[in-house]
Amino acid sequence: MSSGGLPDAVKLLIGAGGIYAAFLYYGSLQEDVFRFQAEDGTAFKQAWFLQVLEALANVIVGFVGMQITGPTKGIPKRMFGISGAAQVTAKACTSLALANGLSFPVATLAKSGKMAPVMAGSLLLGGATYTVREYLQVAAIIGGTAIVSLGKKKSGSSSNSGLGVFFICMSLVLDGVTAGFQKRLKAETAKVGVKPKPYDFMFWTNLFMCLTATVIATLLGEMKTGATYCAENPEIMTKIVKFALCSAVGQSFIFYTIANFDPLVLSTVTTTRKIFSVMLSILLKGHSLSMVGWSGIALACSGILSELQAKMSGKKHAH
(Lines give C-alpha, C1' and ligand atoms only; values in the text may rest on other atoms or scores of the structure.)
Protein backbone atom coordinates (compact mmCIF):
# COMPACT_ATOMS: atom_id res chain seq x y z
CA MET A 1 0.00 0.00 0.00
CA SER A 2 2.88 2.41 0.80
CA SER A 3 3.95 4.76 -1.97
CA GLY A 4 7.38 5.16 -0.35
CA GLY A 5 9.01 2.98 -3.03
CA LEU A 6 7.83 5.16 -5.92
CA PRO A 7 10.31 7.54 -7.55
CA ASP A 8 9.67 11.26 -6.87
CA ALA A 9 8.84 11.88 -10.54
CA VAL A 10 6.03 9.29 -10.37
CA LYS A 11 4.74 10.72 -7.07
CA LEU A 12 4.71 14.21 -8.61
CA LEU A 13 2.85 12.89 -11.64
CA ILE A 14 0.23 11.30 -9.35
CA GLY A 15 -0.14 14.38 -7.14
CA ALA A 16 -0.02 17.10 -9.80
CA GLY A 17 -1.98 15.02 -12.34
CA GLY A 18 -4.71 14.36 -9.77
CA ILE A 19 -4.95 18.02 -8.76
CA TYR A 20 -5.09 19.19 -12.40
CA ALA A 21 -7.68 16.60 -13.45
CA ALA A 22 -9.95 17.07 -10.41
CA PHE A 23 -9.82 20.86 -10.16
CA LEU A 24 -9.91 21.69 -13.88
CA TYR A 25 -13.13 19.65 -14.08
CA TYR A 26 -14.28 21.16 -10.74
CA GLY A 27 -13.92 24.70 -12.15
CA SER A 28 -15.73 23.76 -15.35
CA LEU A 29 -18.60 22.19 -13.39
CA GLN A 30 -18.85 25.18 -11.04
CA GLU A 31 -19.25 27.46 -14.04
CA ASP A 32 -21.84 25.09 -15.57
CA VAL A 33 -23.88 25.04 -12.33
CA PHE A 34 -24.19 28.84 -12.19
CA ARG A 35 -24.79 29.24 -15.94
CA PHE A 36 -27.51 26.58 -15.92
CA GLN A 37 -31.02 27.70 -16.83
CA ALA A 38 -34.14 25.63 -16.25
CA GLU A 39 -36.87 25.40 -18.90
CA ASP A 40 -38.80 28.17 -17.11
CA GLY A 41 -35.70 30.42 -17.35
CA THR A 42 -34.77 30.27 -13.65
CA ALA A 43 -31.11 29.93 -12.66
CA PHE A 44 -29.48 28.13 -9.72
CA LYS A 45 -28.70 30.71 -7.00
CA GLN A 46 -28.46 28.54 -3.87
CA ALA A 47 -24.74 29.00 -3.14
CA TRP A 48 -24.98 27.90 0.50
CA PHE A 49 -26.88 24.72 -0.42
CA LEU A 50 -24.06 23.95 -2.87
CA GLN A 51 -21.48 24.44 -0.07
CA VAL A 52 -23.37 21.97 2.14
CA LEU A 53 -23.09 19.26 -0.53
CA GLU A 54 -19.45 20.04 -1.38
CA ALA A 55 -18.37 20.02 2.28
CA LEU A 56 -20.38 16.83 2.90
CA ALA A 57 -18.48 14.98 0.14
CA ASN A 58 -15.20 16.15 1.72
CA VAL A 59 -16.37 15.05 5.19
CA ILE A 60 -17.12 11.53 3.90
CA VAL A 61 -13.77 11.17 2.08
CA GLY A 62 -11.95 12.78 5.03
CA PHE A 63 -13.60 10.38 7.49
CA VAL A 64 -12.68 7.32 5.40
CA GLY A 65 -9.11 8.60 5.03
CA MET A 66 -8.91 9.31 8.76
CA GLN A 67 -10.03 5.76 9.62
CA ILE A 68 -7.39 4.30 7.25
CA THR A 69 -4.52 6.49 8.53
CA GLY A 70 -5.74 6.51 12.17
CA PRO A 71 -7.40 9.56 13.79
CA THR A 72 -5.28 11.87 15.97
CA LYS A 73 -6.41 12.26 19.59
CA GLY A 74 -6.70 15.56 21.48
CA ILE A 75 -7.17 17.93 18.52
CA PRO A 76 -8.30 21.44 19.63
CA LYS A 77 -11.68 21.69 17.88
CA ARG A 78 -12.47 25.38 18.54
CA MET A 79 -9.95 26.76 16.02
CA PHE A 80 -11.06 24.14 13.47
CA GLY A 81 -14.59 25.49 13.93
CA ILE A 82 -13.58 29.15 13.41
CA SER A 83 -11.28 28.30 10.47
CA GLY A 84 -13.96 26.13 8.84
CA ALA A 85 -16.63 28.83 9.20
CA ALA A 86 -14.37 31.47 7.62
CA GLN A 87 -13.32 29.12 4.80
CA VAL A 88 -16.85 28.05 3.84
CA THR A 89 -18.02 31.67 3.86
CA ALA A 90 -15.15 32.60 1.50
CA LYS A 91 -16.13 29.75 -0.84
CA ALA A 92 -19.83 30.69 -0.67
CA CYS A 93 -18.92 34.28 -1.61
CA THR A 94 -17.09 33.01 -4.72
CA SER A 95 -20.20 31.01 -5.67
CA LEU A 96 -22.41 34.04 -4.97
CA ALA A 97 -20.17 36.17 -7.24
CA LEU A 98 -20.75 33.67 -10.07
CA ALA A 99 -24.49 33.47 -9.25
CA ASN A 100 -24.66 37.27 -9.51
CA GLY A 101 -23.24 37.60 -12.98
CA LEU A 102 -19.45 37.73 -12.51
CA SER A 103 -17.81 35.63 -15.23
CA PHE A 104 -15.76 32.59 -14.21
CA PRO A 105 -12.47 33.87 -15.78
CA VAL A 106 -12.76 37.20 -13.92
CA ALA A 107 -13.66 35.49 -10.62
CA THR A 108 -10.76 33.02 -10.91
CA LEU A 109 -8.20 35.71 -11.77
CA ALA A 110 -9.48 37.91 -8.92
CA LYS A 111 -9.11 35.00 -6.48
CA SER A 112 -5.43 34.79 -7.51
CA GLY A 113 -4.93 38.23 -5.93
CA LYS A 114 -5.02 36.80 -2.40
CA MET A 115 -1.91 38.81 -1.48
CA ALA A 116 -3.92 42.06 -1.80
CA PRO A 117 -6.05 41.71 1.38
CA VAL A 118 -3.06 40.20 3.24
CA MET A 119 -0.94 43.24 2.27
CA ALA A 120 -3.73 45.69 3.08
CA GLY A 121 -4.28 44.11 6.51
CA SER A 122 -0.56 44.04 7.31
CA LEU A 123 -0.08 47.66 6.22
CA LEU A 124 -3.13 48.87 8.18
CA LEU A 125 -2.15 46.98 11.31
CA GLY A 126 1.53 47.80 10.80
CA GLY A 127 4.63 45.68 11.15
CA ALA A 128 5.02 44.48 7.55
CA THR A 129 7.04 45.86 4.67
CA TYR A 130 6.86 44.77 1.05
CA THR A 131 9.22 45.12 -1.90
CA VAL A 132 8.37 47.15 -5.01
CA ARG A 133 8.18 43.84 -6.89
CA GLU A 134 5.48 42.53 -4.51
CA TYR A 135 3.42 45.69 -4.99
CA LEU A 136 3.80 45.38 -8.78
CA GLN A 137 2.73 41.70 -8.73
CA VAL A 138 -0.48 42.50 -6.83
CA ALA A 139 -1.11 45.54 -9.05
CA ALA A 140 -0.66 43.35 -12.18
CA ILE A 141 -3.15 40.73 -10.92
CA ILE A 142 -5.76 43.29 -9.82
CA GLY A 143 -5.22 45.56 -12.84
CA GLY A 144 -5.28 42.61 -15.26
CA THR A 145 -8.50 41.29 -13.71
CA ALA A 146 -10.13 44.73 -13.99
CA ILE A 147 -9.06 44.98 -17.65
CA VAL A 148 -10.51 41.51 -18.38
CA SER A 149 -13.86 42.51 -16.86
CA LEU A 150 -13.86 45.74 -18.92
CA GLY A 151 -12.62 43.93 -22.04
CA LYS A 152 -15.43 41.34 -21.99
CA LYS A 153 -17.86 42.06 -24.77
CA LYS A 154 -21.01 43.41 -23.16
CA SER A 155 -23.79 40.97 -22.31
CA GLY A 156 -26.11 43.30 -20.38
CA SER A 157 -25.62 42.06 -16.81
CA SER A 158 -23.64 45.03 -15.48
CA SER A 159 -25.86 45.60 -12.42
CA ASN A 160 -25.52 41.96 -11.43
CA SER A 161 -21.79 42.10 -12.07
CA GLY A 162 -21.53 44.93 -9.52
CA LEU A 163 -22.89 42.57 -6.88
CA GLY A 164 -20.60 39.85 -8.23
CA VAL A 165 -17.56 42.13 -7.73
CA PHE A 166 -18.69 42.83 -4.14
CA PHE A 167 -18.92 39.09 -3.37
CA ILE A 168 -15.52 38.28 -4.91
CA CYS A 169 -13.94 41.09 -2.85
CA MET A 170 -15.61 39.65 0.27
CA SER A 171 -14.24 36.23 -0.67
CA LEU A 172 -10.71 37.64 -0.94
CA VAL A 173 -10.98 39.37 2.45
CA LEU A 174 -12.25 36.13 4.01
CA ASP A 175 -9.34 34.23 2.41
CA GLY A 176 -7.02 36.55 4.32
CA VAL A 177 -9.00 35.99 7.54
CA THR A 178 -8.96 32.20 6.98
CA ALA A 179 -5.17 32.22 6.49
CA GLY A 180 -4.82 34.02 9.84
CA PHE A 181 -7.04 31.49 11.61
CA GLN A 182 -5.16 28.58 10.02
CA LYS A 183 -1.87 29.96 11.39
CA ARG A 184 -3.44 30.16 14.85
CA LEU A 185 -4.79 26.63 14.44
CA LYS A 186 -1.27 25.34 13.72
CA ALA A 187 0.07 27.28 16.72
CA GLU A 188 -2.64 25.88 19.03
CA THR A 189 -2.10 22.27 17.91
CA ALA A 190 1.67 22.70 18.43
CA LYS A 191 1.05 24.21 21.89
CA VAL A 192 -0.88 21.13 23.05
CA GLY A 193 1.70 18.84 21.42
CA VAL A 194 -0.67 17.44 18.78
CA LYS A 195 0.25 16.96 15.11
CA PRO A 196 -2.93 16.38 13.05
CA LYS A 197 -2.55 14.21 9.95
CA PRO A 198 -3.77 15.42 6.52
CA TYR A 199 -7.12 13.59 6.75
CA ASP A 200 -7.68 14.98 10.29
CA PHE A 201 -7.46 18.46 8.73
CA MET A 202 -9.73 17.46 5.87
CA PHE A 203 -12.38 15.85 8.10
CA TRP A 204 -12.55 18.43 10.92
CA THR A 205 -12.29 21.53 8.70
CA ASN A 206 -14.98 20.26 6.34
CA LEU A 207 -17.21 19.06 9.18
CA PHE A 208 -17.35 22.61 10.55
CA MET A 209 -17.69 23.99 7.01
CA CYS A 210 -20.65 21.66 6.45
CA LEU A 211 -22.29 22.58 9.79
CA THR A 212 -21.86 26.33 9.13
CA ALA A 213 -23.24 26.01 5.58
CA THR A 214 -26.19 23.89 6.80
CA VAL A 215 -27.16 26.48 9.45
CA ILE A 216 -26.93 29.41 6.99
CA ALA A 217 -28.63 27.52 4.13
CA THR A 218 -31.48 26.55 6.50
CA LEU A 219 -31.90 30.13 7.77
CA LEU A 220 -31.98 31.44 4.18
CA GLY A 221 -34.43 28.71 3.13
CA GLU A 222 -31.93 27.36 0.60
CA MET A 223 -32.06 23.75 1.83
CA LYS A 224 -35.67 23.55 0.66
CA THR A 225 -35.43 25.70 -2.49
CA GLY A 226 -32.09 24.12 -3.52
CA ALA A 227 -33.41 20.57 -3.08
CA THR A 228 -36.62 21.47 -4.98
CA TYR A 229 -34.67 23.06 -7.84
CA CYS A 230 -32.42 19.97 -8.12
CA ALA A 231 -35.40 17.61 -8.00
CA GLU A 232 -37.07 19.54 -10.82
CA ASN A 233 -33.81 19.73 -12.83
CA PRO A 234 -31.99 16.37 -12.51
CA GLU A 235 -29.39 17.56 -15.04
CA ILE A 236 -28.02 20.14 -12.58
CA MET A 237 -28.06 17.61 -9.73
CA THR A 238 -25.70 15.41 -11.75
CA LYS A 239 -23.34 18.37 -12.22
CA ILE A 240 -23.48 19.24 -8.49
CA VAL A 241 -22.71 15.64 -7.42
CA LYS A 242 -19.73 15.53 -9.83
CA PHE A 243 -18.63 18.98 -8.57
CA ALA A 244 -18.67 17.81 -4.92
CA LEU A 245 -16.81 14.58 -5.79
CA CYS A 246 -14.14 16.50 -7.74
CA SER A 247 -13.63 18.72 -4.69
CA ALA A 248 -13.12 15.73 -2.37
CA VAL A 249 -10.85 13.85 -4.81
CA GLY A 250 -8.85 17.03 -5.51
CA GLN A 251 -8.40 17.65 -1.76
CA SER A 252 -7.04 14.12 -1.35
CA PHE A 253 -4.47 14.73 -4.10
CA ILE A 254 -3.54 18.05 -2.45
CA PHE A 255 -2.84 16.22 0.82
CA TYR A 256 -0.90 13.52 -1.05
CA THR A 257 1.27 16.25 -2.63
CA ILE A 258 1.77 18.03 0.74
CA ALA A 259 2.83 14.72 2.32
CA ASN A 260 5.43 14.00 -0.37
CA PHE A 261 6.73 17.42 -1.44
CA ASP A 262 7.64 20.92 -0.38
CA PRO A 263 4.69 23.39 -0.05
CA LEU A 264 6.19 25.30 -3.00
CA VAL A 265 5.44 22.35 -5.30
CA LEU A 266 1.77 22.49 -4.30
CA SER A 267 1.75 26.27 -4.75
CA THR A 268 3.16 25.86 -8.28
CA VAL A 269 0.57 23.23 -9.23
CA THR A 270 -2.45 25.11 -7.81
CA THR A 271 -1.30 28.48 -9.24
CA THR A 272 -0.78 27.17 -12.76
CA ARG A 273 -4.05 25.23 -12.49
CA LYS A 274 -5.92 28.54 -12.04
CA ILE A 275 -4.38 29.94 -15.23
CA PHE A 276 -5.36 26.77 -17.15
CA SER A 277 -8.90 26.99 -15.69
CA VAL A 278 -9.24 30.55 -17.00
CA MET A 279 -7.95 29.57 -20.46
CA LEU A 280 -10.21 26.49 -20.64
CA SER A 281 -13.23 28.57 -19.63
CA ILE A 282 -12.54 31.20 -22.31
CA LEU A 283 -11.93 28.58 -25.00
CA LEU A 284 -14.73 26.12 -24.12
CA LYS A 285 -17.51 28.23 -22.58
CA GLY A 286 -17.93 30.85 -25.28
CA HIS A 287 -16.57 33.92 -23.47
CA SER A 288 -15.86 36.57 -26.10
CA LEU A 289 -12.88 38.75 -25.21
CA SER A 290 -11.68 41.85 -27.01
CA MET A 291 -7.94 42.54 -27.50
CA VAL A 292 -8.13 44.67 -24.35
CA GLY A 293 -9.51 41.65 -22.48
CA TRP A 294 -6.68 39.41 -23.71
CA SER A 295 -4.10 42.01 -22.65
CA GLY A 296 -5.70 41.92 -19.19
CA ILE A 297 -5.34 38.11 -19.11
CA ALA A 298 -1.65 38.46 -20.05
CA LEU A 299 -1.07 41.14 -17.36
CA ALA A 300 -2.83 39.17 -14.59
CA CYS A 301 -1.03 35.92 -15.54
CA SER A 302 2.34 37.71 -15.55
CA GLY A 303 1.63 38.90 -11.99
CA ILE A 304 0.62 35.39 -10.88
CA LEU A 305 3.69 33.77 -12.47
CA SER A 306 6.01 36.48 -11.14
CA GLU A 307 4.71 35.78 -7.61
CA LEU A 308 5.40 32.09 -8.16
CA GLN A 309 8.92 32.74 -9.53
CA ALA A 310 9.70 34.96 -6.51
CA LYS A 311 8.69 32.12 -4.16
CA MET A 312 10.91 29.71 -6.09
CA SER A 313 13.98 31.96 -6.03
CA GLY A 314 13.37 32.69 -2.31
CA LYS A 315 13.32 28.94 -1.67
CA LYS A 316 16.62 28.47 -3.54
CA HIS A 317 18.28 31.23 -1.49
CA ALA A 318 17.05 29.60 1.70
CA HIS A 319 19.09 26.45 0.96
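A short tour of the structure in this document, coming up. (Residues numbered from 1 in each chain as written. Predicted model: local features only at pLDDT ≥ 70, side-chain atom pairs only at ≥ 80, totals over all residues. Heavy atoms only, no water.)

Moving on to the pattern of salt bridges. The tally for this structure, following the rule as stated, stands at six salt bridges. In this structure, R35 engages E31 in a salt bridge whose closest nitrogen and oxygen atoms are separated by 3.2 Å. Taken together, the positions of R35 and E31, both in helix α1 (residues 8-35) and four residues apart, correspond to about one turn of that helix. Overall, R35 belongs to the partly exposed group, its relative accessible area being 44%. A salt bridge links E54 to K91, with the shortest nitrogen-to-oxygen separation between them at 2.6 Å. Within this pair, whereas E54 is found in helix α2 (residues 47-69), its partner K91 is found in helix α3 (residues 77-99), the two being separated by 37 residues in sequence. Judged by its relative accessible area of 24%, K91 is partly exposed. A single network of salt bridges, built from pairs that share partners, joins D32, K239 and K285. (Salt bridge = Lys/Arg side-chain N within 4 Å of Asp/Glu carboxyl O. Helix = DSSP H or I, 4+ residues; strand = E, 2+ residues; numbered from the N terminus. Buried < 20%, exposed > 50% of the residue type's maximum accessible area, 1.4 Å probe, protein only.)

This paragraph deals with a nonpolar patch on the surface. A surface patch of nonpolar side chains, about 480 Å² in accessible area, is lined by L56, I60, F63, V64 and I68. Mapped onto the fold, F63 is located in helix α2. A relative accessible area of 41% places F63 in the partly exposed class. (Patch = residues over 30% accessible without salt bridge, like charges linked within 9 Å, V, L, I, M, F, W, Y side chains within 5 Å. Areas by Shrake-Rupley, 256 points an atom, 1.4 Å probe, with all protein chains shown as cover.)

It is worth spelling out the packing of aromatic side chains at this point. Evaluated as defined, the whole model comprises 12 aromatic pairs. Ring centres of Y26 and F243 lie 4.4 Å apart, and the angle between their planes is 20 degrees; this geometry places the pair in the stacked category. Remark: F243 occurs in helix α10 (residues 234-260) and Y26 occurs in helix α1; sequence separation between them is 217 residues. An aromatic cluster of three or more residues is present, and its members are F34, F36, F44 and Y229. (Phe/Tyr/Trp six-rings, centres within 6.5 Å; stacked < 30°, edge-to-face > 60°.)

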